[in-house]
Amino acid sequence: MKKKLSKILIRILFIFLILFGLYKLMNSRSFQLFGGLTDSVETNQKVVALTFDDGPTKNVDKILPLLDQYNVKATFFLIGNEIEKNPEEAKKIVSAGHQVGNHTYSHDRMVLKSPSFIKEEIEKTDKLIREAAGYKGEIDFRPPNGKKMIGLPYYLNKVQKETITWNIEPDTYYSSAADKVEYVKKNIKPGSIILLHPMYDKTGNELKTIEEILQSLTKEGYQFVTVDELQKMQ
């Protein structure tokens, strides 16, 4: 009886370890099983990449002038169905010289999805970025919520598309602009990739966060570049 119970406990532990490993793999910002992944770069130069997820929405009309004021180029990871709703906003991002990335068509979590679903989500959005937005540059990819397991990295590796995550995410931990900026200042280092979500904010808080990050890091001697530019500096 004890021997049988021990076997059951070992099996339960084994299953738990597998599930825990898959959970860690799914949420890892710095590792995946296939293909290239960048969450930051090693460099001695004081450069960082400012990245925005989701959209485009009408908030683009407030974000772009702010970036232009500081002569900053950022990287926008756009959602396909939002490009269809707001094609002019997508075009404005491209016309302003910013980098555009793929954030899937529907923003569904790309975990436990079929190969055909993954393929359609990415290819459809790539097409919209090219045709609706007029973007000519390389299209990197960022998984919704940063979640990926096996199928997504396998497909991305097959089509030679880079996965871009991040190492600084103030929106995850704080709600006030002051706290977010303080978090960035404490954790910033050369080669960092900062993630912000300003597209659906109606309070102005995210815009204030962007402005104060630009002010603070510029005073500290940091230069803001796109993800593509950052990768060339490592």
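As a convention, each chain's residues are numbered from 1 in the sequence order in which they are written. For a predicted model such as this one, the threshold for reporting local features is a pLDDT of at least 70, and the threshold for listing and counting side-chain atom pairs is 80 or more; totals across whole chains, interfaces and linings nevertheless cover every residue. With hydrogens and water stripped out, all remaining heavy atoms of the structure feed into the side-chain values.

Undergrad: So what exactly am I meant to see when it comes to the packing of aromatic side chains here?
TA: Aromatic rings in a pair are described by how distant their centres are and how their planes are angled relative to each other. Paired rings are identified among Phe, Tyr and Trp, the last through its six-membered ring, by centres lying within 6.5 Å, and are further divided according to the angle between planes into stacked (under 30 degrees), edge-to-face (over 60) and tilted (the rest). Per the counting criterion, the structure on display carries three aromatic pairs. Ring centres of Tyr 173 and Tyr 183 lie 5.4 Å apart, and the angle between their planes is 50°; this geometry places the pair in the tilted category. In this pair, Tyr 173 is assigned in helix H7 (residues 170–173) and Tyr 183 in helix H8 (residues 177–187), connecting sequence segments ten residues apart. Buried, partly exposed and exposed residues are distinguished by accessible area as a fraction of the type maximum, computed with a 1.4 Å probe on protein chains only: under 20%, between the cut-offs, and over 50%, respectively. The buried category is assigned to Tyr 183, whose relative accessible area is 13%. Centroid distance Tyr 174 to Tyr 183: 5.9 Å. Interplanar angle 55°. Geometry classified as tilted. By way of ring pairs, the aromatic residues Tyr 173, Tyr 174 and Tyr 183 are connected into one cluster. Charges are assigned to positions over rings by a cutoff of 6 Å between ring centre and Lys NZ or Arg CZ, combined with an angular limit of 35 degrees from the ring normal. The ring of Tyr 222 is capped by Lys 46, whose NZ or CZ atom sits 4.7 Å from the centre of that ring. Between the NZ or CZ atom of Lys 113 and the centre of the ring of Phe 117, over which it lies, the distance is 5.0 Å. Under the scheme used here, helices are H or I runs from DSSP no shorter than 4 residues and strands are E runs no shorter than 2 residues, and both carry numbers assigned from the N terminus.

Undergrad: It is not clear to me how the packing of H8 against helix H9 (residues 205–219) should be interpreted in this structure. Could you clarify?
TA: For any two helices packed against each other, one specifies the inter-axial angle together with the distance between the axes. Note on geometry: axes are C-alpha line fits, over the in-contact stretch for helices, and angles between N-to-C directions span 0 to 180 degrees. Close contact between H8 and H9 brings their axes to 9 Å; oriented N to C, the two are set at 35°. When you trace H8 past H9, the crossing you get is right-handed. Across the interface between the two elements, Ala 177, Lys 180, Val 181, Val 184 and Lys 185 from H8 touch Asn 205, Glu 206, Lys 208, Thr 209, Glu 212, Ile 213, Ser 216 and Leu 217 from H9. Under the grouping applied here, Gly and all other residues not named as nonpolar or charged are polar, the nonpolar ones being Ala, Val, Leu, Ile, Met, Phe, Trp, Tyr, Cys and Pro and the charged ones Asp, Glu, Lys and Arg. Considering only residue class, the contact of H8 with H9 consists of five nonpolar, three polar and five charged. Less than a right angle of anticlockwise turn of the near helix away from the far helix marks a crossing as left-handed, whereas a clockwise turn marks it as right-handed. What makes two residues a contact is simply this: any of their non-hydrogen atoms within 4.5 Å.

Undergrad: What is the right way to read helix H5 (residues 115–131) from this model?
TA: For an α-helix, 3.6 residues make a turn, and residues three or four places apart therefore share a direction. Helix span, expected: 1.5 Å multiplied by one less than the number of residues in the helix. Compared with an ideal rise of 1.5 Å per residue, which puts 17 residues at 24 Å, H5 spans 24 Å between its outermost C-alpha atoms and is within 8% of the ideal. Of the surrounding elements, those touching the buried residues of H5 are strand E3 (75–78), helix H3 (80–85), strand E4 (99–102) and helix H6 (151–158).

Undergrad: Please explain the layout of surface pockets as it appears in this structure.
TA: The gaps of empty space that remain are located by a probe, the size of a water molecule, rolled over the atoms. Here the largest pocket defines a volume of roughly 160 Å³. Taken together, Arg 29, Asp 53, Asp 54, His 103, His 107, Asn 145, Trp 166, Glu 169, Asp 171, Thr 172, Leu 195 and His 197 form the lining of the largest pocket. Grouping the amino acids of the lining of the largest pocket by side-chain chemistry returns two nonpolar, five polar and five charged. In this analysis, the protein atoms alone were mapped onto a 1 Å grid. Cavities are point sets where a 1.4 Å probe fits without being able to get out; pockets are open sets with protein on both sides within 12 Å along at least five of seven lines; lining residues have an atom within 4 Å of a point. Grid points are joined across faces, edges and corners, and a volume is the space filled by probe spheres set on the points.

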